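Residue-level structure breakdown
Residue-level listing of the chains:
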Amino acid sequence: MDQLMDEYGQSLLHLTYSYVGKREIAEDLTQEIFVKCFQRLEQFQKKSSLKSWIWRIAINHCKDYLRNWHYKHIIVSEEKIRDTQSQETEVVNQVIQRYEDEELVAIVLSLPDTYREVIYLYYFEELSIREISSLTSVNQNTIKTRLKRAKEILKESLEG
């Protein structure tokens with residue numbers, strides 16, 4: 001159990017956090033997942049890697065948590081209360097975000113076609129390098145290079 005926690009603890013915490021968005025809940029879920037893995041260790045059939053097996057348990061556990069009564073009624077209610085208390089801050093943040101988004105879109109649109117294409121397909125359409133390569137009939141390594149160069153250009157443009 002200690003070995004599992006040492007090897008996968010931090011990355012599993014990041015995974016659970018990506019589902020629930022709250023560190024305290026993610027920590028609790030991570031502990032529950034390790035207990036579940038330990039209890040079911042004899043069910044591990046070695047058809048996949050141990051990491052894949054743990055990740056599948058973690059993903060299912062997080063999805064179950066998000067579907068359960070407590071989350072839907074208690075957590076969401078707490079969030080609604082906080083949301084109503086911070087509406088002014090939210091409006092200001094939305095205005096700032098909209099300005100930053102428009103600036104980013106303008107910079108992306110100013111990229112040369114080959115870079116704009118990979119940025120759009122990778123980040124906005126969420127396609128993998130392999131899918132982009134297949135779609136554009138361009139070598140995967142070329143796609144990776146274009147993506148890297150495009151990100152460098154964007155970074156330079158955004159930093160001024």
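From a predicted model like this one, the values you see are computed outputs, not experimental measurements.

Okay, the overall build of the protein chain next. The helix and strand tally for the protein chain stands at eight helices and zero strands. Mapped from its N terminus to its C terminus, the protein chain presents α and β elements in the order α-α-α-α-α-α-α-α. Going through the 160 residues of the protein chain one by one, you find that 28% of them count as buried. A sequence separation of at least 24 residues applies to 56% of the contacts in the protein chain between residues at least 6 apart.

Attention now goes to the packing of helix 1 (residues 2-20) against helix 3 (residues 50-67). Contact geometry for helix 1 and helix 3: axes closest at 10 Å, N-to-C directions at 35°. Crossing handedness for the pair helix 1 and helix 3: right-handed. Each of Leu-4, Tyr-8, Ser-11, Leu-12, Leu-15, Thr-16, Tyr-19 and Val-20 in helix 1 lies in contact with helix 3, whose residues at this interface are Leu-50, Lys-51, Ile-54, Trp-55, Ala-58, Ile-59, Cys-62, Lys-63, Tyr-65 and Leu-66. Across the contact of helix 1 with helix 3, the residue classes break down as 14 nonpolar, two polar and two charged.

Let us now look at unusual backbone geometry. The phi angle at Ser-137 is positive, at roughly 60°, despite the residue not being glycine. Along the chain, the position of Ser-137 falls in the loop between helix 7 (129-136) and helix 8 (140-159). We classify Ser-137 as exposed; its relative accessible area is 68%.

Let us look at the packing of aromatic side chains. The full count for this structure, using the stated rule, is three aromatic pairs. Taking 6.0 Å as the distance between ring centres and 70° as the angle between the ring planes, the aromatic pair formed by Tyr-8 and Trp-55 counts as edge-to-face. Of this pair, Tyr-8 sits in helix 1 while Trp-55 sits in helix 3, and the two are 47 residues apart along the sequence. Given a relative accessible area of 10%, Tyr-8 falls into the buried group.

Moving on: a nonpolar patch on the surface. On the surface, Tyr-120, Tyr-123 and Phe-124 cluster together into a nonpolar patch covering about 320 Å² of accessible area. Residue position: Tyr-120 is located in helix 6 (residues 113-124).

It is at 9 Å that the axes of helix 6 and helix 8 come closest, and there the two elements cross at 95°. In terms of axis orientation, helix 6 runs roughly perpendicular to helix 8. Of the residues in helix 8, those in contact with Thr-114, Tyr-115, Glu-117, Val-118, Ile-119, Tyr-122 and Tyr-123 of helix 6 are Ile-143, Arg-146, Leu-147, Arg-149, Ala-150, Lys-151, Ile-153 and Leu-154.

Considering bend angle alone, the principal kink of helix 1 is centred on Tyr-8 and spans about 60°. When helix 1 is considered as a whole, its buried residues turn out to be Leu-4, Tyr-8, Gly-9, Leu-12, Leu-13, Leu-15, Thr-16 and Val-20. Those residues of helix 1 that are buried are in contact with helix 2 (23-39) and helix 3.

What follows is about the pattern of salt bridges. Side chains that carry opposite charge are capable of pairing whenever their charged atoms lie near each other. Under the counting rule described, the total for this entry stands at two salt bridges. With a shortest N-O distance of 3.1 Å, Arg-23 and Glu-27 are connected by a salt bridge. With a gap of four residues between them, Arg-23 and Glu-27 both fall in helix 2, about one helical turn apart. Lys-148 is paired through a salt bridge with Glu-152; the nearest N and O atoms lie 3.9 Å apart. Within this pair, Lys-148 and its partner Glu-152 are both found in helix 8, separated by four residues, close to a single helical turn.

The next subject is the side chain of Lys-36. Within the fold, Lys-36 resides in helix 2. Asp-64 provides the closest opposite charge to the buried, salt-bridge-free Lys-36, at an N-O distance of 4.9 Å. Apart from the residues within four sequence positions on either side, Lys-36 is in contact with Ile-57 and His-61.

Reading the values: rules and limits
Residues numbered from 1 in each chain as written. Predicted model: local features only at pLDDT ≥ 70, side-chain atom pairs only at ≥ 80, totals over all residues. Heavy atoms only, no water. Helix = DSSP H or I, 4+ residues; strand = E, 2+ residues; numbered from the N terminus. Buried < 20%, exposed > 50% of the residue type's maximum accessible area, 1.4 Å probe, protein only. Contact = heavy atoms within 4.5 Å. Axes fitted to C-alpha atoms, helices over the stretch in contact; angles between N-to-C directions. Left-handed = near helix turned anticlockwise from the far one by under 90°. Nonpolar A, V, L, I, M, F, W, Y, C, P; charged D, E, K, R; others polar. Phe/Tyr/Trp six-rings, centres within 6.5 Å; stacked < 30°, edge-to-face > 60°. Patch = residues over 30% accessible without salt bridge, like charges linked within 9 Å, V, L, I, M, F, W, Y side chains within 5 Å. Areas by Shrake-Rupley, 256 points an atom, 1.4 Å probe, with all protein chains shown as cover. Salt bridge = Lys/Arg side-chain N within 4 Å of Asp/Glu carboxyl O. Parallel < 35°, antiparallel > 145°, perpendicular 65-115°, else oblique. Bend = angle between axes of the 7 residues up to and from the residue. Lys, Arg positive; Asp, Glu negative; His and termini not counted.

From the geometry alone we can't say anything about function, so treat these as descriptive.
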